[in-house]
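# Secondary and tertiary structure notes
One-letter residues, chain by chain:
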Amino acid sequence: MSKTEIRRHRRIPYFGRVRISWEDSQGRSRYAAGRCLDISEDGLRVELSEPIPLRSNISVQAEQVKLSGSAIVKHVARQGSKYWLGLELSQVLLYRTLTAIREAETTPHPVPAA
C-alpha cells in the first residue's frame, strides 16, 4: 500500500442511486436521495444535495446492488452545490455484493436515443 493510499479496502467506482434516512438534531426523521460515487467492502462515498452531520447514524439503501443497512457519516466535503459523504458501513459487505458491483461497472450500458 502506498503512502498516499491508506485505505484498508480498494474502492470500486459505482454510480447508482442511493436512499438515505437519519434523524436530525431535533429527532425528526429526514430522507435524502443521492447517488453513490464508489464503494468498498466497508464503506461508500455518496453525493447528496444536503450535508448530514459527522458521526450521524444513518440507514442507506442501494437497491440495484441489494445493499441495505446502517452506516456512520465519517467525512463530509462540499463539491460545488453538492456534498460528498464518506460512509462507514456497520457490517462488512458480502463478496457477492462486491461481485455484482464489479459486473455492473463492466457491463456496457445502452446509450439513450437522441
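Attention here is on the structure that accompanies the text. (Residues numbered from 1 in each chain as written. Predicted model: local features only at pLDDT ≥ 70, side-chain atom pairs only at ≥ 80, totals over all residues. Heavy atoms only, no water.)

## Some words on the overall build of the chain
- Per the secondary structure count, the chain includes one helix and seven strands.
- Listing each helix as α and each strand as β along the chain from the N terminus yields β-β-β-β-β-β-β-α.
- In the chain, which comprises 114 residues, the share counted as buried stands at 35%.
- When contacts within the chain are restricted to residue pairs at least 6 apart in sequence, those whose partners lie at least 24 apart make up 51%.
- Summed over its atoms, the accessible surface of the chain is roughly 7,900 Å², and 51% of this surface lies on carbon and sulfur atoms. (Helix = DSSP H or I, 4+ residues; strand = E, 2+ residues; numbered from the N terminus. Buried < 20%, exposed > 50% of the residue type's maximum accessible area, 1.4 Å probe, protein only. Contact = heavy atoms within 4.5 Å. Areas by Shrake-Rupley, 256 points an atom, 1.4 Å probe, with all protein chains shown as cover.)

## Looking at the environment of Arg102
- Counting through the fold element by element, Arg102 comes out in helix 1 (residues 95-106).
- On the accessibility criterion, Arg102 (32% relative accessible area) is partly exposed.
- For the pair Arg102 and Ile12, spaced 90 residues apart in the sequence, the C-alpha separation amounts to 7.2 Å.
- Contacts of Arg102, omitting those with residues within four sequence positions, involve Arg10 and Ile12.

## A look at the nonpolar core
- Of all hydrophobic cores here, the largest spans 25 residues; its most connected members are Ile20, Leu44 and Leu87.
- Elements that contribute at least two residues to this core include exactly strand 2 (17-23), strand 3 (29-40), strand 4 (43-48), strand 5 (57-62), strand 6 (67-79), strand 7 (82-89) and helix 1.
- Ranked by the residues each element gives to this core, the list is headed by strand 7, at four residues.
- Residue contacts for Leu87: discarding those within four places in its chain leaves Ile20, Asp42, Gly43, Leu44, Val46, Ile58, Ala71, Ile72 and Val73. (Core = buried A, V, L, I, M, F, W, Y, C linked by side-chain atoms within 4.5 Å.)

## Let's talk about the pattern of salt bridges
- Taken as a whole, this structure holds six salt bridges when the rule is applied.
- Here Glu50 and Arg30 are joined by a salt bridge, their closest N and O atoms 2.6 Å apart. Of this pair, Glu50 sits in the loop between strand 4 and strand 5 while Arg30 sits in strand 3, placing them 20 residues apart in sequence.
- Since its relative accessible area comes to 21%, Glu50 is described here as partly exposed.
- Across the pair Arg35 and Glu47 runs a salt bridge whose closest N-O atoms are separated by 3.0 Å. Taken together, the residues Arg35 in strand 3 and Glu47 in strand 4 connect sequence positions twelve residues apart.
- Under the relative-accessibility criterion, Arg35 is labelled partly exposed at 36%.
- You can call Glu47 buried: its relative accessible area is 16%. (Salt bridge = Lys/Arg side-chain N within 4 Å of Asp/Glu carboxyl O.)

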